[in-house]
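Remarks on the overall topology
Here is how the chains run, residue by residue.
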Amino acid sequence: MSTDNPFAAPTSLDERGNDANFAQVAGDVLLCGREVDLSAVGWLTGQPTTADERRHSKRLRLVYWPIPLRRLVWVLPIVVVLSNRVLAGNRQLVTLGFFATWWLWLPLLSRFRPTTCLTIAFTRQGRSLRTRHNVSQTLRAILAVAVAMLALEYADIADAALPKGLWVLKYILMPVGGFALVMWGWNLIFPPVLKLRPPTVKAFSAGVFSIHDAPAGFLDGLSRLLDAESRHSSHGQGRSTPNAAAAKMDHEDQ
């Protein structure tokens, strides 16, 4: 695969954006097309996957939201609530109706945004790490909610510490404080198995998506795989893609 910057020229962009299964690693950013199979390496570990592990791959759908539109999506509920405070009529009914349908029309709106679908796979070690991480975070959340409910139950003990005019804050400060304390303290006592952020599309141009926050291990493994295939294809063997690398590995396994 060519290592030049796909954002260097519009012509190059058009060619790569329409290229089937185009993928490239640029530092800590993953560049890819609208549909790409990345199951040749483990999503969490970056290790080469087996044919059986690739058969159990998953599809990861990412939507591109420009920053102004992303801010508008999250600010819109606040605008609705504030406007209902000013306008006459049944403000409570309008607000309730808006929030009741919020998660219905938001996915519909995302269907009209540029979208890329990544096919990812997990190695045996990756599945084990993901399971341990999910169990740890689930226990953390359960304990935090339990502490918050307990704090709410005994919120009356805050009467002596808060001014009388702020008595209502005890029903907010104590549960929220207890919840935040457990969420923060759990990670100090039990360090997270995985330190991951959800991958997001931060740029899109002529069919090429710029994906940030992909796992570092995966980016390293994919970069090594594409470099090896690029050297292989430079001898006239064809263009390098993750699919071609996976096919080659299957052939070598046999």
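Residues numbered from 1 in each chain as written. Predicted model: local features only at pLDDT ≥ 70, side-chain atom pairs only at ≥ 80, totals over all residues. Heavy atoms only, no water.

1. Thoughts on the overall build of the protein
Within the protein, the secondary structure is distributed over eight helices and seven strands. The buried share of the protein, reckoned over its 254 residues, is 37%. Summed over its atoms, the accessible surface of the protein is roughly 15,600 Å², and 63% of this surface lies on carbon and sulfur atoms. (Helix = DSSP H or I, 4+ residues; strand = E, 2+ residues; numbered from the N terminus. Buried < 20%, exposed > 50% of the residue type's maximum accessible area, 1.4 Å probe, protein only. Areas by Shrake-Rupley, 256 points an atom, 1.4 Å probe, with all protein chains shown as cover.)

2. Concerning helix α5 (residues 124–153)
Between its terminal C-alpha atoms α5 stretches 44 Å, which fits the 44 Å expected from 30 residues at 1.5 Å a residue. Of the positions making up α5, those classed as buried are Gly 126, Leu 129, His 133, Ser 136, Arg 140, Ala 144, Ala 148 and Ala 151. (Expected span 1.5 Å × (residues − 1).)

3. Side note on unusual backbone geometry
Phi is positive for Ala 206, which is not a glycine, with a value near 50°. Relative to the elements of secondary structure, Ala 206 occurs in the loop between β6 (200–205) and β7 (208–212). The residue Asp 213 is not glycine, and still its phi comes out positive at about 70°. The residue Asp 213 is located in the loop between β7 and α7 (216–237) in this model. Here Asp 213 falls in the partly exposed class, since its relative accessible area comes to 24%.

4. Some thoughts on the nonpolar core
Counting residues in hydrophobic clusters, the biggest one holds 26 residues, and the most contacted among them are Leu 30, Leu 38, Trp 43, Leu 118, Ile 211, Phe 218 and Leu 222. Of all elements in the fold, only β1 (23–26), β2 (29–32), β3 (35–42), β5 (115–121), β7 and α7 reach the threshold of two or more residues within this core. The leading source of residues in this core is α7, at five residues. Leave out the neighbours within four places in its chain, and Leu 118 touches Leu 30, Cys 32, Val 36, Leu 38, Trp 43, Lys 58, Arg 59, Leu 60, Leu 62 and Ile 211. (Core = buried A, V, L, I, M, F, W, Y, C linked by side-chain atoms within 4.5 Å. Contact = heavy atoms within 4.5 Å.)

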